Amino acid sequence: MGAALDLADARDARRWAAASLGVGALILCGGLGAYGIWDPWELDAAELARNPEGPLGAPPLAGWLVGASLGLFGVHEWAGRLPGALAGLAALATTFVLARRVTDAKGAAYAVAIAVSTPLLVLHSRHMFGQAPMLAATALLGWTTAELAFQAPRGRRLALLLAGFALGYGLALLSGGALLAVVPPLLAATLVRGLRGSLPAGADRLPALVVGVTGVVTLLLVVQAIAGDAGAYDAWRGGTPRGGQPPSFDHGLELFFHAAAPFSALALLAMVRLLGPVAATAQETDDDGALRARRETRLFLVLWPAFAYGAWTVFVSRYGAATFSGLVPVAVAVATLCRDVEESDRPWWPELVVVGLLAVLVVRDYALFPDSPLRGLDLEGLSVPDKEVFNPAGIWAALMGFVLLALTLGFGSRPGTPFAWPPVRAFLREQWARGGGHRAWVSLLALLSGGTLLAGLAAFVAPTAMGLTTFGVRLLRALFFLTPAALIVVALIPNALALGGRLGRHRLAPLVLGGVLFGAYTAFGFQPALSQHLSPRLVYDRYNELRAPEATLLEYRAGGRASAYYAEGEVEAVKTSGELLGKLQGDERAWAIVPTDELASLDRTFRKRRREHLWVADARSATLTLVTNEPVEGRENENFLTEVVLQELPELEHEVGGVFDGKIELAGYDLDLPQEGYIGAGQRFAITWYWRVRQRVSGSYKIFLHVDGAGNRMNGDHDPAGDRYPVRFWEPGDIIVDRQELTVPANYRPGTYTFWIGLYAGQNRLDVTEGEKDDANRLAAGRLEVR
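Please read all numbers here as calculations on a predicted model, not as lab measurements. (Residues numbered from 1 in each chain as written. Predicted model: local features only at pLDDT ≥ 70, side-chain atom pairs only at ≥ 80, totals over all residues. Heavy atoms only, no water.)

### Comments concerning the overall build of the chain
Logical step 1: A count of helices and strands for the chain gives 26 helices and 16 strands.
Logical step 2: Its C-alpha atoms give the chain principal-axis dimensions of roughly 100 × 90 × 50 Å.
Logical step 3: The burial tally for the chain puts 50% of its 787 residues in the buried class.
Logical step 4: A separation of at least 24 residues holds for 74% of the contacts in the chain among residues at least 6 apart in sequence.
Logical step 5: A total of about 35200 Å² of accessible surface is found on the chain, and carbon and sulfur atoms cover 59% of it.
Logical step 6: Here the chain contributes 70 positively and 76 negatively charged side chains, and the mean placements of these two sets differ by 9 Å. (Helix = DSSP H or I, 4+ residues; strand = E, 2+ residues; numbered from the N terminus. Buried < 20%, exposed > 50% of the residue type's maximum accessible area, 1.4 Å probe, protein only. Contact = heavy atoms within 4.5 Å. Areas by Shrake-Rupley, 256 points an atom, 1.4 Å probe, with all protein chains shown as cover. Lys, Arg positive; Asp, Glu negative; His and termini not counted. Charge placed at Lys NZ, Arg CZ, Asp CG, Glu CD.)

Put into structure tokens, the structure is as follows:
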């Protein structure tokens, strides 16, 4: 009977392993060639891997693997990234095996899914510069360390584990250095054995002695290397000493919180849970060796990431940016917590409150800071484009919203809870029957509900007759839905929790699925979209598509190295803008790749001579732009300046005619209001200014806008054209189109507000020489009606 159970468990484990690792392989290995090489970070890694010259400056294993893959399969994106993806998959396999020591096969599959949901593992596995080899090596070392220290293996298994231990040690040393990748798991296991206070008897003590002695010797060598502070690279430290101010203590917590999302919100609770008591299974007794080993492994899983964090803080304080190496034990700990919740018969409301608040912080940070998923990449100078160009906040919010919902259903539900409509009427009758104060609050609730319904209905039927402001009407209309919405929520919450309860021992499966979706979007949505701006591939692809066979591509301040990977035909580097414009202003078609932030300056000079804009054939990237000097048949000009700088003044909705210093005229403006002729408090509107340039103005002038009235002021100071075409570029005859959006604050009183506008640089303002002005040298441009 016992053998049959063991066989069934083994089959179950294989099924869970195949399913979870299959999903992991899809996320880590799918579409490795679908996005371009990040410049300069992946280009640096690829160049170093193909030409490994000079002294070591970092652990070499990742570079060796990338170089070998490029040499074997050719120079392709997928070839350079394949070693990292396979290393990430190896880390997942080790995660599964390690998790089986503290939880069941389902929990081990959860651990794999949790690890592959994190941007830390996904992004490191899908780039040439990634540190997935280190994560895999330290995972292998950690697993074999735990087996040797706590399981007392013998015979052939002992030999295999010792070989794996030696392999993991060597790979960790080569991929991350001893400080980051070797010391944390070894020191954690050694300390656990030390806390136990004794070693196994006889031959069983050999594996634990190997771990303890290796850990102590390694720690001493690392301390010696750090104290020596030699200038050259040292494998025991894993880095080269650098100057600069070390980051604060909380920087590492922020890095982990963002890079290990979405399950970083559960990490602290999971660690605390591992420190709690461990109940024996049906096959274990309180003094059984398996139970004791499981308890020790749980403590090991807490100490390992703690020491990994300590090693990270030491490293970054002296040797530069680094990758947190303790992801695998954190994933195992969180998976163990999820299985504990699923196997319990109670809701976990106190824990849900804590974890939910932390998860909300993840939502907030991912919405405010689009580079949050990149915090775990130890890259200097990496940043994302402006939110106007690249803003995945909505998708992150949707994914985290799903995670929060699944978290609530999983932690807040009780198995077996039936579906039922909440007895609202019976509850209210019961309160009324209790008399006194209970009747008072029931009556007050009824009055409030009826009042909001009637007032909201009146706001829909006769808003003008009520004499309310626009904001007041919108507020009452919203309140109309308050009571029905409250009843729906009251009905949905218990039934939603009942739905979670119906899932029973699988009620956290939706949470894990949400994590998998999070990781899948990181791999197939976020990463390719960001690569569009960090890689020159799309620009070169468009050039290869449009060029003539004999064409030569001009490169101006475009790096130059990417053309070896992507460009077809001849490529010529030009060093100055004058040389570039000389070639672009010829009679024959010329193609050039230029930095996007140089386009305004180049276009301005080009227009002065040709009286037309540069033709932009590809503007998808925020860093590089493909330009040519002649229109491309069948394609639109993607030059944003065609909408910002006009030669003819369009028909204006409101004419102004004010002039500043005799050089710049505000010809007029258009208003885009949510209602015809007026706007309500709390609403957003757009205003488009049209400036006519009479003479050039030197200096870094910006536009100030004060919307004054009824004792209030809206401030609309801004850089013209979103800072993409500053005033110093404006040429005589140009019509500059400047659009901005403003929101009327909700507390603004009804009335007529005045647009006061001008140009300023520091404390200086251009004088208003024509038009209505005030004593503060502001031009009265028009009026805005707020109701």
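### Some points on the pairing of strand 7 (residues 654–660)
Logical step 1: The pairing of strand 7 with strand 8 (residues 664–672) spans 5 bridges and is antiparallel. Across the sheet, V659 pairs through a bridge with E665, a residue of strand 8.
Logical step 2: Hairpin connection, strand 7 to strand 8: the antiparallel pair is bridged by 3 residues, and D661 has positive phi, about 55°.
Logical step 3: Bridge analysis of strand 7 against strand 15 (residues 768–770) gives 2 bridges, and the strand direction is antiparallel. Among the inter-strand pairings, V659 is bridged to a residue of strand 15, identified as E770. (Pairing = 2+ DSSP bridges.)

### Some details on the sheet that holds strand 2 (residues 570–574)
Logical step 1: Across the sheet, which stays open at both edges, the 5 strands sit in the order 2-1-3-5-4 with mixed pairing between neighbours. Each edge of the open sheet carries a strand with a single partner, namely strand 2 and strand 4 (615–618). Along the sheet, successive strands turn relative to each other by an average axial angle of 35°, direction set aside.
Logical step 2: Packing of helix 24 (residues 577–584) onto the sheet brings it into contact with strand 1 (552–556), strand 2, strand 3 (591–595) and strand 5 (624–628), and relative to strand 2 it is tilted by some 135°. (Axes fitted to C-alpha atoms, helices over the stretch in contact; angles between N-to-C directions.)

### Side note on a nonpolar patch on the surface
Logical step 1: A grouping of L457, F460, V461 and F481 is seen on the molecular surface, where their side chains present a nonpolar patch of about 400 Å² in accessible area.
Logical step 2: Structurally, F481 is set in the loop between helix 19 (470–480) and helix 20 (482–502). (Patch = residues over 30% accessible without salt bridge, like charges linked within 9 Å, V, L, I, M, F, W, Y side chains within 5 Å. Salt bridge = Lys/Arg side-chain N within 4 Å of Asp/Glu carboxyl O.)

### Overview of the packing of helix 7 (residues 132–150) against helix 8 (residues 155–175)
Logical step 1: Relative orientation of the contacting elements helix 7 and helix 8 amounts to 145°, with a least axis distance of 8 Å. For the crossing formed where helix 7 meets helix 8, the hand is left-handed. Of the residues in helix 8, those in contact with P133, M134, A137, T138, L140, L141, W143, T144, T145, E147 and L148 of helix 7 are R157, L158, L161, L162, G164, F165, L167, G168, Y169, L171, A172 and S175.
Logical step 2: A breakdown of the residues in the contact of helix 7 with helix 8 according to their chemical character gives 15 nonpolar, 6 polar and 2 charged. (Left-handed = near helix turned anticlockwise from the far one by under 90°. Nonpolar A, V, L, I, M, F, W, Y, C, P; charged D, E, K, R; others polar.)

### Details of the side chain of T138
Logical step 1: Along the chain, T138 falls in helix 7.
Logical step 2: Here T138 falls in the buried class, since its relative accessible area comes to 1%.
Logical step 3: Within the structure, T138 has its side chain in polar contact with the backbone oxygen of A181 (distance 2.8 Å).
Logical step 4: When neighbours within four sequence positions are excluded, T138 is seen to be in contact with A172, A181, P185, W304 and S325. (Polar contact = N/O pair within 3.5 Å; in protein donor to acceptor, adjacent residues only side chain to side chain.)

### Describing the pattern of salt bridges
Logical step 1: Under the counting rule described, the total for this entry stands at 45 salt bridges.
Logical step 2: A salt bridge links E147 to R101; the shortest N-O distance between them is 2.6 Å. Taken together, the residues span a long stretch of sequence, with E147 in helix 7 and R101 in the loop between helix 4 (77–99) and helix 5 (105–117) at a distance of 46 residues.
Logical step 3: The class for E147 is buried, based on a relative accessible area of 1%.
Logical step 4: Between R713 and D708 there is a salt bridge whose closest N-O contact spans 2.8 Å.

### Here's the deal with the packing of aromatic side chains
Logical step 1: Per the stated rule, a full pass over the model turns up 27 aromatic pairs.
Logical step 2: On the numbers, 4.8 Å between centres and 85° between planes, the contact of W396 with Y521 is edge-to-face. Within this pair, whereas W396 is found in helix 16 (residues 393–412), its partner Y521 is found in helix 21 (residues 509–534), the two being separated by 125 residues in sequence. Each of the two residues, W396 as well as Y521, counts as buried.
Logical step 3: Ring geometry for W691 against W730: centres 6.4 Å apart, planes inclined by 40°, an arrangement best described as tilted. (Phe/Tyr/Trp six-rings, centres within 6.5 Å; stacked < 30°, edge-to-face > 60°.)

### Things to note about the sheet that holds strand 12 (residues 735–743)
Hydrogen bonds between backbone atoms are what pair the strands of a sheet, whose relative direction is either parallel or antiparallel.
Logical step 1: Overall, antiparallel pairing links the 6 strands, which are arranged 6-12-9-8-7-15 in an open sheet. Two strands bound the open sheet, and with one partner strand each, they are strand 6 (645–646) and strand 15.
Logical step 2: Note that strand 8 and strand 9 (residues 684–693) share 8 bridges and pair antiparallel. Counted as the bridge partner of E665 is R692 from strand 9.

### So, the pairing of strand 4
Logical step 1: In terms of strand pairing, strand 4 meets strand 5 through 3 bridges, oriented antiparallel. Residue pairing in the sheet places D618 in a bridge with L626 of strand 5.
Logical step 2: The turn joining strand 4 and strand 5, which pair antiparallel and follow one another in sequence, is formed by 5 residues.

### What to know about helix 19
Logical step 1: Burial in helix 19 covers these residues: T470, G472, V473 and L476. Taken around the axis of helix 19, the buried residues stretch over an arc of 165°, which confines them to a single face.
Logical step 2: Among the structural elements, helix 18 (437–461) are those in contact with the buried residues of helix 19. (Arc of directions from axis to C-beta.)

### Focus: the environment of Q151
Logical step 1: Relative to the assigned elements, Q151 resides in the loop between helix 7 and helix 8.
Logical step 2: Using a relative accessible area of 24% as the deciding quantity, one classes Q151 as partly exposed.
Logical step 3: The spacing of Q151 and A290 is 139 residues in sequence and 7.6 Å in space, taken between C-alpha atoms.
Logical step 4: Contacts of Q151, omitting those with residues within four sequence positions, involve R101, A146, A293 and T297.

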